Amino acid sequence: MALLSKKDRGLILDPLADNNPITIQVLGICSALAITAQLKASIVMGISVMFVLGVGNVVISLMRNIIPSKIRIIVQLVVVAALVIIVDQVLKAFAYELSKTLSVFVGLIITNCIIMGRFEAFALGNGPWRSFLDGIGNAAGYALILVIVGFFRELLGSGTLLGFKVLGDPIAKTGLYAIGYENNGFMLLSPMALIVVGIIIWVQRSRNKALIEEN
Amino acid sequence: MANTDKNSYTVIFAVVMVLVVGSLLAFTASSLKPAITENERFEKQQNILYAMGINENVEGSVNFIPTDKVEAEFGKYIKEQLVIQNGKIEKDSSAYLIDLKQQLAKDMSERKLPLFVGEKEGKDYYIIPMYGKGLWDAIWGFIALDENYVVQGVYFDHKGETPGLGANIKERYFMDDFTGEEIMAGTEFEGITVAKGNNDPLNERKDDGKVDALAGATITGNGVTAMINSTVKLYIPYLKDLKI
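What counts and how
Residues numbered from 1 in each chain as written. Chains lettered and ligands numbered in written order. Predicted model: local features only at pLDDT ≥ 70, side-chain atom pairs only at ≥ 80, totals over all residues. Helix = DSSP H or I, 4+ residues; strand = E, 2+ residues; numbered from the N terminus. Buried ≥ 20, exposed ≤ 12 C-beta atoms within 10 Å, placed from the backbone. Contact = placed C-beta atoms within 7 Å. Core = buried A, V, L, I, M, F, W, Y, C linked by C-beta atoms within 7 Å. Axes fitted to C-alpha atoms, helices over the stretch in contact; angles between N-to-C directions. Parallel < 35°, antiparallel > 145°, perpendicular 65-115°, else oblique. Left-handed = near helix turned anticlockwise from the far one by under 90°. Nonpolar A, V, L, I, M, F, W, Y, C, P; charged D, E, K, R; others polar. Arc of directions from axis to C-beta. Pairing = 2+ DSSP bridges. pLDDT = per-residue confidence, 0-100.

Chemist: What's the story with the overall build of chain B in this structure? I'm lost.
Modeler: Broken down by element type, chain B carries 5 helices and 10 strands. Across its three principal directions, the C-alpha atoms of chain B cover 80 × 40 × 40 Å. Counting only residues that meet the buried cut, chain B has 32% of its 244 residues in that class. Intrachain contacts of chain B at a sequence separation of at least 6 include 55% that bridge at least 24 residues.

Following this line, the structure appears as structure tokens:
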């Protein structure tokens, strides 16, 4: 990390913990609920958002002095949408299998509020390199929570991780299932993602009291 | 720097942006089009072969014939491609490219129904394409029957079913249950029902026309039932002709 100054390092590391887009800013909750039933989907979504946010932040940052302020939100939307469509087409042409797994998620990236949030809050006021770091950092913070939630939901809901039956076979009653363990089907439903995110927020705030707002 | 708040600047910026982004997207789409069409073609061949049991499945997961080999394998195992239109059956070597969704929207008289006859180890397979509606979007697939109307294999796919729930229709443990089921009850078409409360998770009763539903995916399961029953039914009269 000697490559980066202390300030730049903060751009990457802060969103991973004390300024996490999901648990602190409570952005991007919609996709965190929708796609975390499986760990694989969470990882893929995290990587896709990292790409779109990293590149998008640079593009917006380069154009920040010429974008008319009246239509800046529309300009941001156009940039995200164009990037997402390009990613989708390139995947379909060169990584067809992967694009099948991603299917709807690629389209969902457009609606991710973290992306518009970072464009508006950071890229419009900062240079391309710092915007790039900010984009990568925030996407990594988002991906981290997605992976944690996906890990617990898949493990407790389906008894698998990345599709591997880590707890044994629920139908043939092997492994843990032999002693009466059952999968919790609730974990597969979206509301449980919210509860898992809530538990993460609780753990995070009880470890770092400075994060608790006064009211 | 020009005054970026002026209306004229805003309008010009918007026009230029739309032109630039529009042509960029059009360029990307048209230059990638051939590669995408090719991928879709291979996928269809893979799916058809998968339904008749030509695949590279290892334990528990779905593995197709690799794309570089699929063209040759398709030619080897699919001995006839037929198109049914207006009660007549004709051969058509590009029948697998027919989009069933478009055909089902047409009138009966104009509708072209593709049907594939495969042969593996001296046994004939009749592979029927299917198309229907899941919870969120389209579902489709292929079902392979033998001459006694016993299911030899299926392949399902979907556009946007819920991951972890309805999306599991394309998992082995769901698709494999269809093998061995009969779609006819005597001489009447019965179809296959994705049943809740089937009390048969290991699918020990093979020929009851029922497979165990997926938990949390009622609507997708009902969609699969409806898809099989509505599309396969269209082929039944012709299957009778083909065999004798």
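Chemist: Explain the nonpolar core to me, please; I cannot follow it from the model alone.
Modeler: Note on soluble globular proteins: their nonpolar side chains tend to be buried together. Residues A51, I127, I128, F142, I143, A144 and V154 of chain B are the most contacted members of the largest nonpolar core, which totals 85 residues. Tallying contributions element by element places helix α8 (residues 128–158) of chain A first for this core, with 8 residues. In this structure I143 of chain B touches A51, I128, M130, V151, V154, I228 and V232 of chain B, once residues within four positions along its chain are discounted.

Chemist: Is there a simple way to explain unusual backbone geometry in this structure?
Modeler: As a rule of thumb, non-glycine residues mostly have phi less than zero, and peptide bonds are mostly trans rather than cis. Phi is positive for V26 of chain A, close to 50°, though the residue is something other than glycine. Unusually for a residue other than glycine, Y149 of chain B sits at a positive phi of about 65°. Given 19 C-beta atoms within 10 Å, Y149 of chain B falls into the partly exposed group.

Chemist: Where do I start with the packing of helix α3 (residues 39–62) of chain A against helix α4 (residues 72–94) of chain A in this structure?
Modeler: Working note: a packed helix pair is described by the angle between its axes plus the distance between those axes. Residue and element names in this part refer to chain A. For the pair α3 and α4, the least separation of the axes is 10 Å and the interaxial angle reads 135°. Relative to α4, the element α3 is oriented oblique. For the crossing formed where α3 meets α4, the hand is right-handed. Together, S48, F51, V52, V55, G56, V59 and I60 of α3 and Q76, V79, V80, L83, V84 and V87 of α4 make up the contact between the two elements. Taken together, the residues of the contact of α3 with α4 break down into 10 nonpolar, 3 polar and no charged.

Chemist: Just to check I follow, could you spell out the interface of chain A and chain B for this structure?
Modeler: How big an interface is tends to be stated in terms of the accessible area lost upon association of its parts. Taken together, the contact between chain A and chain B spans 27 residues of the former and 27 residues of the latter. Those elements that provide at least two residues to the side of chain A that touches chain B are α4 and α8 of chain A. Among the elements that take part in the side of chain A that touches chain B, α4 of chain A stands out by supplying 9 residues, more than any other. Here the side of chain A that touches chain B is composed, by residue class, of 17 nonpolar, 8 polar and 2 charged.

Chemist: Mind showing me how you'd approach helix α7 (residues 113–121) of chain A here?
Modeler: Because an α-helix completes one turn every 3.6 residues, residues spaced three or four positions apart along the sequence face the same direction. All names here are of chain A. Every buried residue of α7 is listed here: I114, I115, R118 and F119. Viewed end-on, α7 has its buried residues packed into an arc of 135°, placing them on one side of the element. Looking at the buried positions of α7, the neighbouring elements they touch are α3, α4 and α8.

Chemist: Please clarify how the pairing of strand β5 (residues 138–145) of chain B should be interpreted in this entry.
Modeler: Side-chain positions along a regular strand alternate between the two faces of the sheet. Residues and elements named next belong to chain B. Buried residues dominate β5, accounting for 7 of its 8 residues. Two elements, strand β4 (residues 123–133) and β5, share 8 bridges in a ladder whose sense is antiparallel. Bridge pairing links P129 to F142 in β5. Between β4 and β5, which pair antiparallel one after the other, the connecting turn spans 4 residues. Where β5 lies against strand β6 (residues 151–158), 7 bridges are found, and the strand directions are antiparallel. Across the sheet, the residue bridging to I139 is H158, located in β6. Linking β5 to β6, which pair antiparallel, is a turn of 5 residues; within it Y149 sits at a positive phi near 65°.

Chemist: Where do I start with the pairing of strand β1 (residues 78–85) of chain B in this structure?
Modeler: Residues and elements named next belong to chain B. Bridge count between β1 and strand β3 (residues 113–120): 6 bridges; the pairing is antiparallel. When the bridges of β3 are listed, Q81 appears paired with F116. The pairing of β1 with strand β2 (residues 88–91) spans 4 bridges and is antiparallel. Paired with I84 across the strands is I89, a residue of β2. Between the end of β1 and the start of β2, which pair antiparallel, lie 2 residues, with N86 showing a positive phi angle near 55°.

Chemist: Explain the environment of E56 of chain B here, please?
Modeler: Residue and element names in this part refer to chain B. Tracing the backbone through its elements, the reader meets E56 in the loop between α1 (7–51) and α2 (67–77). A residue is classified by how many C-beta atoms lie within 10 Å of it, and E56, with 12 of them, is exposed. With 124 residues separating them in the primary sequence, E56 and G180 have C-alpha atoms 20 Å apart. Apart from the residues lying within four places of it in its own chain, the contact partners of E56 are N63, F64 and I65.

Chemist: Would you mind going over the confidence of the model for chain A with me for this structure?
Modeler: Detail in the predicted coordinates should be disregarded across regions flagged by low pLDDT. When the pLDDT values of chain A are averaged, the result is 85; 96% of them are 70 or greater. Here helix α5 (residues 96–102) of chain A stands out as the element of chain A with the lowest mean pLDDT, 76, in contrast to α8 of chain A, whose mean of 91 is the highest.

Chemist: Please explain the packing of helix α1 (residues 6–13) of chain A against α8 of chain A as it appears in this structure.
Modeler: All names here are of chain A. Here α1 crosses α8 at 30°, and the two axes come no closer than 6 Å. The residues of α8 that touch α1, namely those facing D8, L11, I12 and L13, are R130, L133, D134, I136 and G137. In the contact of α1 with α8, the residues fall into 5 nonpolar, 1 polar and 3 charged.

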